[in-house]
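# Examination of the molecular architecture
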Amino acid sequence: MSLLARKRWFLVLFPLLLALTVWQIRIESDLNAFFTSNDDEDTRLLSQMLQSGELSRRYLLVLEKQGATEIGPVNAELVKRLAKLDGVERVWPADQSPLNWVDAVASYAPFHARVFSLNPEEDCAELFELQGLNKRAEALKQALLSPQGAFLKAVAKQDPLLLSLNGFKGMQTQFQQQVSANPDTAALILQSRPPALDSAAHQALQSAIRSAFDSLNAENGFAFRLSMAGVPVVGVAAHAEINRDVTLVSTVSSLAVVLVFLVLFRSFAALHWVMMIQAAAFVVGTLAVMLIFKYVHSLTLALGASLIGICVDYPFHVMVHGAKHRAPLQSVVRLLWPSLYMGGLTTVIGYLALGATGFPGFEQIAVFALFRIAASLGLTRWLLPALLIGRKLRVAHLPGIAAWMNFCARRRGAIWFLLGLAALVSVLLLPRLRWMDDMQQLAMNMDLLKQQDAAVRSHFASIEPGRFVLIQADDLETALQRSEAAERRLQILKRQGTAAEYYGFFPWLVSESLQNRNAGIYDEAVGEPFRGAWRNALNQAGLSVDKLGNLASAGEKTLETDSVLKSEVGQILAGRVLQGQQGVALVIWLGQHDPAQLSEGLQGLTGVRYFSQKDQLNRMAEQYRDSSLEMLGIGVLIMALFIARQQRNPRNVLLTLFPSLTATLFIFAGWALTGEAVSFLHVIGLLLAISLCVDYGIFFIENRAEDADVTYHAVASSTLTTLASFGALGFGKTPTLPILAWSVSLGVIIG
């Protein structure tokens, strides 16, 4: 195919490919999808909890009075308005139970004989004491006359002793402890419907919440202030920062590469065509990720934008050589193709090793890099000469190159001595290397948001969504039995002060085993003597014996767990009952607690353990670090094998790898000397730097144009574009980006 025909086909196909990508693309900004792998049971659980856990979908709202207007009526009206918003599952004052809990509690009355106690053997003496029945009947009378009388009347018809309420009696105390006693504030809890990390849905919901409040506040003379906290608030803020990073990094990296290009070649026409090649390669990479993963993460686009500094190297080498020797680009690209191909291959090996580290987000980046680099190489090989045909290119010149090469030739021995001495010192420094042991250090800096979150949460009792008691079993019945054993232990730990509060499953869910124990003790205790004494107590209290004196036996009907979870109780327990192919997991929420003592206190309970999301993330960071170091070694070995296959000269293989490996050693030593906490991201950055520096070694050692000066100019030009694009990552606020920027840039500069 002629050069002109290639150009025409490109101008037709590129817009079609771009339109297809825009039509098919689905950008995901869920940080969980990027950072959390699903390789083992704990990380799958962590991912599921972050997505669907009830606490992760919860907003904490604080209404503060700033004027003389009473806060109570305004708070009640705000609850009504918020409840009508799309995306709101329910909203309620923090010192009260959600309204639908009343009906849920009443539904347990028919099963009172089976659910009245977590410890029936211990509680039976008090619950079925004959001497206390007169007081009990009198208390029932007062309760029926109270504001909750309608609710209690419905329960008492089926459960005259109100046994079904025994397990719920501590919950009102929990609600009352939820908020501070400040009369000028009111605290609300809003349960949202969308998953916690659906940033678009939560951004719309947060705007609707503020709009509803602003309207109400205007009606009351702007006498109130609303503050908001919760996982979705942090998620939306992080999403906004990531979008900012994507836009900023893409823009800065592109402009920096453009600036380097214009300084070197001073041709807007050539710039136009080279950037079109890079745009086409970017589209190919994006479309490939879409087809394989069904979505493209926004951080993939941010990190993928830095590839422009790598992919533009291939046209640069061709153009630098073509301009210097005034040769047709088609012949130049054929001459340089083995070096271009091997350089691209080693870079791809580096990115594939990156994808094999276990970091889910880097799997996407590896695929993106593979297809973008392949597309850029292919377009440089077969299309660049067609696009630049007839263009006169300026000879790229970087001052100091010739002088540097002459200096190195004259001082070769001294340079080798200094390198050897520096390498020895670096090896001695390596034992001082400090590894990052807290993945929170990689979290986005949101100090202002953290202060706001802490201020809001100070009005609430602490429930820690990231730390909980985890119960696991093969089936739900076994899981419930283990959960009940855990709650008995937690009762003891609470009395000892180890945990301020816990939020278990009893009596919402009760195992069949415990139901049968309750039923047996109930039938034994509520015999004819007890029934007669109860009827006498009702008479003395002036209550209807006909309506309240029938104490039936426990019977055969049990509280079925599956039916409970399909009722509105299922909403109450949303995100805490996780059922899948691996079995069942139950989550008991915790208030303030001592992690070490609580974990120790749960020892010996089968299938029960203390779970910390922070600890799990730190373990993941260690796994990523170890796999990154492993892939660093494997990646270098594979590169060496491919280089050896092409060059067939062990000395040249070592010389090709020497600059990148030496740079890596020096950088590790520098981190050890400065006390830098090294994470898996630092290692990954060096892996990429090695793959890039190996490219430079390949071009210089092979020197296919037999002109060391022009080859070094091409390598130096490539270094500038790489630094320009990866340096742009340093403008990102997401810590991942600056760490990679520094690691890659240092590796490339020293290499």
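For the structure, see preceding data.
Just so we're clear, the structure is a prediction, and the values are computed from it rather than from any experiment. (Residues numbered from 1 in each chain as written. Predicted model: local features only at pLDDT ≥ 70, side-chain atom pairs only at ≥ 80, totals over all residues. Heavy atoms only, no water.)

Here the focus is the nonpolar core. Considering soluble globular proteins, one finds that nonpolar side chains tend to be buried as a cluster. Counting residues in each nonpolar core, the largest one holds 114 residues, and the members touching the most others are Phe-261, Tyr-351 and Ile-373. Ranked by residue count, the leading element in this core is helix 32 (residues 680–702), at 13 residues. Within the second largest apolar cluster, 68 residues are counted, among which are Ala-109, Phe-116, Leu-551 and Val-577. (Core = buried A, V, L, I, M, F, W, Y, C linked by side-chain atoms within 4.5 Å. Buried < 20%, exposed > 50% of the residue type's maximum accessible area, 1.4 Å probe, protein only. Helix = DSSP H or I, 4+ residues; strand = E, 2+ residues; numbered from the N terminus.)

Attention shifts here to helix 34 (residues 736–750). With 15 residues, helix 34 extends 22 Å from end C-alpha to end C-alpha; this agrees with the ideal 21 Å at 1.5 Å per step. Summarising burial for helix 34: 11 of the 15 residues are buried, a large majority. Every buried residue of helix 34 is accounted for by Thr-736, Leu-737, Pro-738, Ile-739, Leu-740, Ala-741, Ser-743, Val-744, Ser-745, Gly-747 and Val-748. (Expected span 1.5 Å × (residues − 1).)

Looking now at the packing of helix 16 (residues 313–325) against helix 33 (residues 708–727). Axis separation between helix 16 and helix 33 bottoms out at 9 Å; the angle between their running directions is 145 degrees. Handedness of the crossing formed by helix 16 with helix 33: right-handed. Contacts from Asp-313, Phe-316, His-317, Val-320, His-321, Lys-324 and His-325 of helix 16 reach helix 33 at Asp-709, Val-710, Thr-711, His-713, Ala-714, Val-715, Ser-717, Ser-718, Thr-721 and Thr-722. Class assignment of the residues belonging to the contact of helix 16 with helix 33 gives a composition of 5 nonpolar, 9 polar and 3 charged. (Axes fitted to C-alpha atoms, helices over the stretch in contact; angles between N-to-C directions. Left-handed = near helix turned anticlockwise from the far one by under 90°. Contact = heavy atoms within 4.5 Å. Nonpolar A, V, L, I, M, F, W, Y, C, P; charged D, E, K, R; others polar.)

Together, Phe-417, Leu-418, Leu-421, Leu-424, Val-425 and Leu-428 make up a nonpolar patch on the protein surface, roughly 620 Å² of accessible area in all. Secondary-structure assignment places Leu-424 in helix 21 (residues 412–429). (Patch = residues over 30% accessible without salt bridge, like charges linked within 9 Å, V, L, I, M, F, W, Y side chains within 5 Å. Areas by Shrake-Rupley, 256 points an atom, 1.4 Å probe, with all protein chains shown as cover. Salt bridge = Lys/Arg side-chain N within 4 Å of Asp/Glu carboxyl O.)

Another point: the environment of Gly-685. Residue position: Gly-685 is located in helix 32. When the C-alpha positions of Gly-685 and Trp-742 are compared, they lie 8.0 Å apart, and in sequence the two are 57 residues distant. Ignoring sequence-local partners within four residues, the contact set of Gly-685 consists of Leu-740, Ser-743 and Val-744.

Helix length check: helix 16, at 13 residues, gives a terminal C-alpha distance of 18 Å against a target of 18 Å (1.5 Å per residue), a fit within 8%. For helix 16, the buried fraction is high: 11 of the 13 residues fall into the buried class. Turning to helix 16, its buried residues are Asp-313, Tyr-314, Pro-315, Phe-316, His-317, Val-318, Met-319, Val-320, His-321, Gly-322 and Ala-323.

What follows deals with the pairing of strand 3 (residues 88–93). Counting buried positions over the 6 residues of strand 3 gives 5, a clear majority of the element. Pairing geometry for strand 3 and strand 4 (residues 185–192), over 5 bridges, is antiparallel. Bridge pairing links Trp-92 to Ile-189 in strand 4. (Pairing = 2+ DSSP bridges.)

Strand order across the open sheet formed by 4 strands is 3-4-2-5, with antiparallel pairing between neighbours. Either end of the sheet is taken by a strand with one partner, and the two such strands are strand 3 and strand 5 (224–229). When strand polarity is set aside, the average angle formed by the axes of neighbouring strands in this sheet is 20 degrees. Summarising the sheet, strand 2 (residues 58–65) and strand 4 pair through 7 bridges and their orientation is antiparallel. From the neighbouring strand, Leu-60 faces strand 4, where its bridge partner is Ile-189. Of the strands in this sheet, strand 2, strand 3, strand 4 and strand 5 touch helix 4 (residues 71–83), which is tilted by about 10 degrees from strand 4. On top of the sheet, helix 12 (residues 231–265) reaches strand 2 and strand 5; it is set at about 100 degrees to strand 2, its chief contact.

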